[in-house]
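Structural description and commentary
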Amino acid sequence: MQSLKLQGRVLTSTDGEEYKKALERSSPLSGLPAKYIVQPTTYTDISLVLAYAILQNPPIEIAIKGGGVHTSTWSSSDGGIVIDLSSLRSVTVNADKKSVTVQGGAVWGDVYEQCKKSDIDVVGASLWFVGVGGFLLGGGYGPLSGDKGLAVDNILSATVVLADGQITKTSATENPDLFWAIRGGGGQFGVLAEVELKAFPSVGPITSGILVYAGNELPNVLKVVKPAIIIMPWVCEDANSERSSVVLAPFRNGSIKPLVERCGLFADMLAASHAADASIALAPKRLQIRGTLFADYYDELLLGVWERWVKFTEENEDARGSAILWDLTRPEKLCEVKNSATAVRIRDNNYWVAIQGRTNNSEADGIISDFVASTVAFIRSQNIKLSGKDYGYFLNMAQGDESPEDVFGDNLPRLSELKSKYDPHNLFKKGLPIPRIEINV
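Since the structure is predicted, the reported quantities are computational estimates derived from the model, not experimental observations.

1. What about the overall build of the chain?
Along the backbone of the chain there are 16 helices and 18 strands. In summary, the chain has a C-alpha radius of gyration of 22 Å against a globular reference of 22 Å for 441 residues, a match within 12%. Projected onto the principal axes, the alpha-carbon positions of the chain cover approximately 70 × 50 × 50 Å. Across the 441 residues of the chain, 53% fall into the buried class. Taking the contacts inside the chain whose residues are at least 6 apart along the sequence as the reference set, 69% of them involve residues at least 24 apart. Total accessible area computed for the chain in this model is approximately 19100 Å², and 51% of it derives from carbon and sulfur atoms.

2. Looking at the nonpolar core
Residues Val102, Trp108, Val122, Leu136, Val195 and Trp326 are the most contacted members of the largest nonpolar core, which totals 87 residues. What leucine 136 contacts, discounting residues up to four positions off in sequence, is Trp108, Ala151, Val152, Ile155, Ile182, Gly184, Leu192, Val195 and Leu197. Counting 24 residues, the second-largest nonpolar core is a separate cluster that includes Val10, Val49, Ile60 and Ile83.

3. Section: the side chain of aspartate 327
With respect to the helices, strands and loops of the structure, aspartate 327 is situated in the loop between β17 (323–326) and α13 (332–335). One buried charge, aspartate 327, has no salt-bridge partner; the nearest side chain with opposite charge is arginine 330, at 11 Å. Setting aside chain neighbours within four positions, we find aspartate 327 in contact with Tyr297, Tyr351 and Trp352.

4. What to know about the packing of aromatic side chains
Applying the stated criterion to the full structure yields eleven aromatic pairs. Put simply, the rings of Phe294, Tyr297, Trp326 and Tyr351 touch in pairs and so form one group of aromatic residues. Taking the ring centre of phenylalanine 200 as reference, the NZ or CZ of lysine 148 above it sits at 4.5 Å. The ring of tryptophan 180 has arginine 414 sitting right over it, with the charged end atom 4.1 Å from the ring centre.

5. Some thoughts on the pairing of strand β6 (residues 99–103)
In terms of burial, β6 is a largely internal element, five of the five residues being buried. The alternating pattern of β6 places Ser99, Thr101 and Gln103 on one face and Val100 and Val102 on the opposite face, and all of these are buried. Bridging between strand β5 (residues 91–93) and β6 involves three bridges; their strand directions are antiparallel. Within the sheet, the bridge partner assigned to threonine 92 lies in β6 and is threonine 101. A loop of five residues connects β5 with β6, the two strands running antiparallel in sequence, and lysine 97 in this loop sits at a positive phi of about 60°. As paired elements, β6 and strand β10 (residues 191–198) share five bridges and run antiparallel to each other. In the strand pairing of β10, glutamine 103 is matched with glutamate 194.

6. Description of the pattern of salt bridges
As enumerated under the stated definition, the model contains 20 salt bridges in all. A salt bridge links arginine 290 to glutamate 402; the shortest N-O distance between them is 3.0 Å. On the criterion of sequence distance, the pair formed by arginine 290 in strand β16 (residues 286–294) and glutamate 402 in the loop between α14 (365–387) and α15 (404–408) is long-range, its members being 112 residues apart. Judged by relative accessible area, which is 14%, arginine 290 ranks as buried. Residues joined by salt bridges that share partners form a network here, namely Asp147, Arg330 and Glu332.

7. Brief notes about the packing of helix α12 (residues 299–315) against α14
Here α12 crosses α14 at 165°, and the two axes come no closer than 10 Å. Classified by the angle their axes make, α12 and α14 are roughly antiparallel. Note on packing geometry: the crossing formed by α12 with α14 is right-handed. Touching Glu300, Leu301, Gly304, Val305, Arg308, Trp309 and Phe312 of α12 are Ile367, Ile368, Phe371, Ser374, Thr375, Phe378, Ile379, Gln382, Lys385 and Leu386, all from α14. Partitioned by chemical class, the residues of the contact of α12 with α14 number ten nonpolar, four polar and three charged.

8. A short note on the sheet that holds β5
Pairing is antiparallel across the open sheet formed by five strands, whose spatial order is β5-β6-β10-β8-β9. Each edge of the sheet is formed by a strand with only one pairing partner; in this case those strands are β5 and β9 (167–171). Each strand axis lies, on average, 15° off the axis of its neighbour in the sheet, ignoring direction. Of the pairings in the sheet, the one linking strand β8 (residues 155–161) to β9 comprises five bridges and is antiparallel in character. Across the sheet, threonine 159 pairs through a bridge with lysine 169, a residue of β9.

9. As for the sheet that holds strand β3 (residues 62–65)
The strand order across the open sheet formed by four strands is β1-β2-β4-β3, and the pairing between neighbours is mixed. Edge positions in the sheet fall to β1 (9–11) and β3, since each has one partner strand and no second. Ignoring strand direction, the axes of neighbouring strands in this sheet form an average angle of 20°. The pairing of β1 with strand β2 (residues 36–39) spans three bridges and is classified as antiparallel. Residue pairing across strands places arginine 9 opposite glutamine 39, the latter belonging to β2. Lying on the sheet, helix α2 (residues 43–55) is in contact with β2, β3 and β4 (81–84); it crosses β4 at an angle near 170°.

10. Considering unusual backbone geometry
Cis geometry marks the peptide bond from asparagine 57 to proline 58; its omega dihedral reads 0°. With respect to the helices, strands and loops of the structure, proline 58 is situated in the loop between α2 and β3. The omega torsion of the bond from glycine 204 to proline 205 falls at -5°, within 30 degrees of zero and hence cis. Position of proline 205 among the secondary structure elements: in the loop between β11 (200–201) and β12 (206–212).

How each quantity is defined
- Residues numbered from 1 in each chain as written.
- Predicted model: local features only at pLDDT ≥ 70, side-chain atom pairs only at ≥ 80, totals over all residues.
- Heavy atoms only, no water.
- Helix = DSSP H or I, 4+ residues; strand = E, 2+ residues; numbered from the N terminus.
- Rg over C-alpha atoms; globule rule 2.2 N^0.38 Å.
- Buried < 20%, exposed > 50% of the residue type's maximum accessible area, 1.4 Å probe, protein only.
- Contact = heavy atoms within 4.5 Å.
- Areas by Shrake-Rupley, 256 points an atom, 1.4 Å probe, with all protein chains shown as cover.
- Core = buried A, V, L, I, M, F, W, Y, C linked by side-chain atoms within 4.5 Å.
- Lys, Arg positive; Asp, Glu negative; His and termini not counted.
- Salt bridge = Lys/Arg side-chain N within 4 Å of Asp/Glu carboxyl O.
- Phe/Tyr/Trp six-rings, centres within 6.5 Å; stacked < 30°, edge-to-face > 60°.
- Lys NZ or Arg CZ within 6 Å of the ring centre and 35° of its normal.
- Pairing = 2+ DSSP bridges.
- Axes fitted to C-alpha atoms, helices over the stretch in contact; angles between N-to-C directions.
- Parallel < 35°, antiparallel > 145°, perpendicular 65-115°, else oblique.
- Left-handed = near helix turned anticlockwise from the far one by under 90°.
- Nonpolar A, V, L, I, M, F, W, Y, C, P; charged D, E, K, R; others polar.

Pasting the structure below:
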């Protein structure tokens with residue numbers, strides 16, 4: 001590895017605390033002891049590392065770390081190489097302010113900080129510490145998706161380092177098949193080194209926070225809009241709180257009233273993305289997340305999940321930090337894009353749900369894993385029963401043990417062809433693996 005003469009750093013276990021720090025992920029369950037952690041400072045560094053890995057016999061495992069917040073081990077490797085993109089995180093607002101160029105190691109806070117200076121916004125994550133690359137490659141449902149679509153629908157172009165080391169530009173007109181695949185196909189086709197995103201005028205000020213209701217109020221909450229028992233609003237373009245006073249009126253002044261309300265007005269996306277910092281800091285650290293999509297807010301579905309959550313947390317004290325997050329983004333904009341336009345499987349009317357299992361006790365990891373997996377499976381089965389549609393699983397919240405068919409659906413055959421084309425040696429197999437097929441030439 002040292003013979004590669006990389007511009008960036010290479011860390012090993014001999015580097016002590018620096019190495020240990022670089023192994024850390026948002027959840028202790030997500031870290032693995034890599035043989036090498038490479039922190040490239042140029043795209044050529046990435047090419048050299050990939051060439052090195054593929055020449056080993058057998059080829060050494062490659063993992064890519066952006067934000068490192070996914071609760072699986074996708075960004076870690078036990079004995080392999082982690083390409084840690086944290087030194088490649090520059091953000092440039094282009095001169096016309098209609099697009100923003102972002103390096104693959106940036107987190108959304110980096111992006112929002114630069115957007116704030118130019119009074120613009122992009123479709124990104126609601127939390128500042130989420131990595132740009134993984135969020136985009138998996139689809140990207142964000143707080144602005146109701147108006148602007150998924151994050152992948154707002155990608156203009158990208159620079160990808162392929163398995164053979166080529167640094168390739170891709171867009172709707174340049175390598176369009178690769179452009180299609182990376183928009184929802186995950187990190188199976190190369191390393192996302194850089195991406196250009198659509199930008200639009202700032203959506204601030206933003207009202208965000210939480211409203212908390214007593215458990216026995218859930219039936220009444222469902223009459224208003226059918227979410228879970230804690231409402232976390234995100235109301236954009238809310239000058240003088242005029243919009244939020246209307247939007248939140250049923251939750252404040254109707255038949256139900258919150259036990260606690262902690263909502264505030266934030267100037268922009270950067271400030272709003274930090275709104276949950278205090279609660280996240282206090283939350284149990286051992287985190288497992290799975291999620292799926294559902295067609296509508298059916299009472300039977302939500303009440304069924306509520307009963308499962310109550311039973312589980314009452315019986316397992318160490319798991320009482322666990323939560324179910326239900327999305328309330330308007331789906332109309334998502335449905336404007338055809339199912340075949342990107343690798344994202346579902347473009348029918350849909351919302352997402354995330355099951356967060358949390359604890360500080362390692363002995364509870366197993367029961368939390370079972371609860372998270374079984375609850376996602378329950379939601380999927382109930383959605384099939386109530387809507388007649390099987391939405392499978394959502395890549396951004398998958399764990400890697402799901403079947404590719406359940407995640408990619410009808411897009412899987414094309415993804416498999418492109419996997420064979422762009423990664424014939426299967427170098428990129430962390431995450432949710434896409435099977436390759438033989439291509440007759």
